[in-house]
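The chain contents come next:
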Amino acid sequence: MENILSRRSVVFGFLLVAFVVAFEFILGKLNLPAWPAFMVMIFFFIAHEDAKQAPHIVIGGLAGIFCVVLLKSFMPATEPIVGAEAAKLIFVGLFVYAIVLFTEAIPYLFNSYAFMFFLVSALAFRLPEPAPYTWMAVEFVVGTIFIVGIIGINRVTAMILNEQGQTTVDDYS
């Protein structure tokens, strides 16, 4: 039970929840979607808060959302020739193949984060009034704030608990 309710997890969790609630409130008041920023946050946690992965997450996310914009241009051009389903599958196939081909050469742009953002954006595009450029702005600006905020919350938590030798912002550079 001590591992579950450690002092660190209680303090970090409290600060993180306050941070998340504050941004959810702000984004709500601005009528902006929160999901792109929360995806960045989730991926940053999945990457074990490795700051070196931040560019992969943020830039890959932008690429993935932008691919939905490209898909919406690709479909009308190819649909009359091959049909709607085949046009969509061709685009997805080309995108996945590009990730496989270029992940080593351009890892910031072609990665699993890009593909996941593409999938979620494609679903969100079905909602009334899709706004992919707004999603990209939220993903980039607020997502980056979330990454910096999490690093900061870790540092504040360490200071509150007077932890010596623990992870600091300097460890992320």
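Rules used throughout
- Residues numbered from 1 in each chain as written.
- Predicted model: local features only at pLDDT ≥ 70, side-chain atom pairs only at ≥ 80, totals over all residues.
- Heavy atoms only, no water.
- Helix = DSSP H or I, 4+ residues; strand = E, 2+ residues; numbered from the N terminus.
- Buried < 20%, exposed > 50% of the residue type's maximum accessible area, 1.4 Å probe, protein only.
- Areas by Shrake-Rupley, 256 points an atom, 1.4 Å probe, with all protein chains shown as cover.
- 1 Å grid on protein atoms, 1.4 Å probe; cavity = no way out; pocket = protein on both sides within 12 Å on 5 of 7 lines; lining within 4 Å.
- Points joined across faces, edges and corners; volume = space filled by probe spheres on them.
- Nonpolar A, V, L, I, M, F, W, Y, C, P; charged D, E, K, R; others polar.
- Expected span 1.5 Å × (residues − 1).
- Axes fitted to C-alpha atoms, helices over the stretch in contact; angles between N-to-C directions.
- Parallel < 35°, antiparallel > 145°, perpendicular 65-115°, else oblique.
- Left-handed = near helix turned anticlockwise from the far one by under 90°.
- Contact = heavy atoms within 4.5 Å.
- pLDDT = per-residue confidence, 0-100.
- Lys, Arg positive; Asp, Glu negative; His and termini not counted.
- Salt bridge = Lys/Arg side-chain N within 4 Å of Asp/Glu carboxyl O.
- Core = buried A, V, L, I, M, F, W, Y, C linked by side-chain atoms within 4.5 Å.
- Patch = residues over 30% accessible without salt bridge, like charges linked within 9 Å, V, L, I, M, F, W, Y side chains within 5 Å.

Undergrad: Which parts of the structure should I look at to understand the overall build of the protein chain?
TA: Each helix and strand in the protein chain was counted, giving six helices and zero strands. Its C-alpha atoms give the protein chain principal-axis dimensions of about 65 × 40 × 30 Å. Across the 173 residues of the protein chain, 38% fall into the buried class. When the accessible surface of the protein chain is split by element, carbon and sulfur atoms take 69% of a total near 10100 Å².

Undergrad: Explain the layout of surface pockets to me, please; I cannot follow it from the model alone.
TA: One way to see where empty space is left: roll a probe the size of a water molecule over the atoms. Roughly 250 Å³ of internal volume is contained in the largest pocket. Breaking the lining of the largest pocket down by element, the ones donating at least two residues are α3 (54–82), α4 (84–102) and α5 (112–124). Its residues assigned to classes, the lining of the largest pocket shows eight nonpolar, no polar and three charged.

Undergrad: Hey, could you run me through helix α1 (residues 7–29) in this one?
TA: Note: α-helices contain 3.6 residues per turn, so residues at a spacing of three or four share the same orientation. Helix length check: α1, at 23 residues, gives a terminal C-alpha distance of 33 Å against a target of 33 Å (1.5 Å per residue), a fit within 8%. Of the residues one or two after α1, N31 is the one with positive phi, at around 55°.

Undergrad: What am I meant to see in unusual backbone geometry here?
TA: Of all residues except glycine, most have a negative phi; of all peptide bonds, most are trans. Positioned with a positive phi, H48 is a non-glycine residue whose angle comes to about 60°. For H48, the location among the structural elements is in the loop between α2 (35–46) and α3. You will see that E129, though not glycine, has its phi angle at about 55°, which is positive. With respect to the helices and strands, E129 occurs in the loop between α5 and α6 (132–160). Overall, the relative accessible area of 76% leaves E129 in the exposed class.

Undergrad: It is not clear to me how the packing of α2 against α6 should be interpreted in this structure. Could you clarify?
TA: Describing two packed helices takes the angle between their axes plus the distance from one axis to the other. Where α2 contacts α6, the axes come no closer than 7 Å and their chain directions differ by 40°. Considered as vectors, α2 and α6 are oriented oblique to each other. The two elements α2 and α6 cross, and the hand of that crossing is right-handed. Within the contact between the two elements, α2 uses W35, P36, A37, F38, V40, M41, F44 and F45 and α6 uses W135, V138, E139, V142, G143, F146, I147, I150 and I151. Of the residues contributing to the contact of α2 with α6, the split by class is 15 nonpolar, one polar and one charged.

Undergrad: In this structure, what is going on with the confidence of the model for the protein chain? I would like to understand it.
TA: The predicted structure's coordinates, where accompanied by low pLDDT, should not be read in detail. Looking at the protein chain as a whole, its pLDDT mean stands at 92, while 92% of the residues score no less than 70. Highest mean pLDDT in the protein chain belongs to α2 (98); lowest belongs to α4 (95).

Undergrad: Can you help me understand the side chain of E139 in this one?
TA: With respect to the helices, strands and loops of the structure, E139 is situated in helix α6. Despite its burial, E139 pairs with no opposite charge; the closest candidate is K72, at 19 Å N-O.

Undergrad: It is not clear to me how the nonpolar core should be interpreted in this structure. Could you clarify?
TA: Counting 33 residues, the largest nonpolar core has L16, M41, I57, V142, F146 and I147 as its most contacted members. Every element with two or more residues in this core is listed here: α1, α2, α3, α5 and α6. The element contributing the most residues to this core is α6, with nine residues. Look past the residues within four positions of V142 in its chain and what remains in contact with it is F23, L27, A37 and A137.

Undergrad: Which parts of the structure should I look at to understand a nonpolar patch on the surface?
TA: Together, I59, V96, Y97, V100, L101, F102, I106, Y108 and L109 make up a nonpolar patch on the protein surface, roughly 780 Å² of accessible area in all. Counting residues per element, the nonpolar patch draws most heavily on α4, at five residues. Here F102 falls in the partly exposed class, since its relative accessible area comes to 37%.

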